[in-house]
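Inside the fold
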Amino acid sequence: MTRISFAEELESAADRIADMSRADLQIILRRAALMLRNVAGVSLEPATEDALNAIATEMRVSRSDLIQIVLREWLETNAYLPVRAIDEESETDGIA
């Protein structure tokens, strides 16, 4: 279950709280607690953290988006993911 679908399920439960059984509510709350417990991010050295923040600011993207970009490109470069095909004939104006 993705975070978005789980968040939607929580919102739905909040909308119909009077109709939910105690057991169903307990299940949803326990799953929410488990997801929150597993949200811990990756610990980075201060120098790495500073570099990421500076590059994200320079590129005008969020830190999370930058990490996703870097990780995807590393996985593609090292053949862990297939390389996305680029149409050489199309114009992108620098936008991927």
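Residues numbered from 1 in each chain as written. Predicted model: local features only at pLDDT ≥ 70, side-chain atom pairs only at ≥ 80, totals over all residues. Heavy atoms only, no water.

Let's talk about the overall build of the protein chain
Regarding its fold elements, the protein chain presents four helices and zero strands. Ordered by position from the N terminus, the helices and strands of the protein chain form the series α-α-α-α. Residue burial in the protein chain is summarised as follows: out of 96 residues, 9% are buried. (Helix = DSSP H or I, 4+ residues; strand = E, 2+ residues; numbered from the N terminus. Buried < 20%, exposed > 50% of the residue type's maximum accessible area, 1.4 Å probe, protein only.)

Brief notes about the packing of helix α3 (residues 46–59) against helix α4 (residues 63–77)
Interhelical geometry of α3 versus α4 gives an angle of 100 degrees and a closest axis separation of 9 Å. Between α3 and α4, the angle is such that the two are roughly perpendicular. Judged by residue contacts, Glu49, Leu52, Asn53, Ile55, Ala56 and Met59 of α3 engage Arg63, Leu66 and Ile67 from α4. (Axes fitted to C-alpha atoms, helices over the stretch in contact; angles between N-to-C directions. Parallel < 35°, antiparallel > 145°, perpendicular 65-115°, else oblique. Contact = heavy atoms within 4.5 Å.)

As for the pattern of salt bridges
Within this structure, the stated rule accounts for two salt bridges. For Arg31, the salt bridge goes to Glu9, with nearest N and O atoms at 3.1 Å. Residue Arg31 is located in helix α2 (residues 22–37), and its partner Glu9 is located in helix α1 (residues 3–15); the two are separated by 22 residues in the primary sequence. A relative accessible area of 23% places Glu9 in the partly exposed class. Of the charged contacts, one joins Arg63 and Glu49 as a salt bridge, the two residues approaching to 2.8 Å between their closest N and O atoms. With a gap of 14 residues between them, Arg63 in helix α4 and Glu49 in helix α3 connect regions that are remote in the sequence. Judged by relative accessible area, which is 29%, Arg63 ranks as partly exposed. (Salt bridge = Lys/Arg side-chain N within 4 Å of Asp/Glu carboxyl O.)

A few points about the confidence of the model for the protein chain
On average, residues of the protein chain score 83 in pLDDT, and 88% of them are at 70 or above. Within the protein chain, the element-level pLDDT minimum falls on α1, averaging 83, and the maximum on α3, averaging 92. (pLDDT = per-residue confidence, 0-100.)

Focus on unusual backbone geometry
The backbone phi angle of Arg60 is positive, close to 60 degrees, even though this residue is not glycine. Tracing the sequence through the fold places Arg60 in the loop between α3 and α4. On the basis of relative accessible area, Arg60 is assigned to the exposed category, the value being 80%. In this model, Ala79 sits at a positive phi of 65 degrees, which is unusual for a non-glycine residue.

Points about a nonpolar patch on the surface
Taken together, the side chains of Leu71, Trp74 and Tyr80 present a nonpolar region at the surface, about 380 Å² in accessible area. Mapped onto the secondary structure, Tyr80 falls in the segment after α4. Tyr80 sits in the exposed class, given a relative accessible area of 57%. (Patch = residues over 30% accessible without salt bridge, like charges linked within 9 Å, V, L, I, M, F, W, Y side chains within 5 Å. Areas by Shrake-Rupley, 256 points an atom, 1.4 Å probe, with all protein chains shown as cover.)

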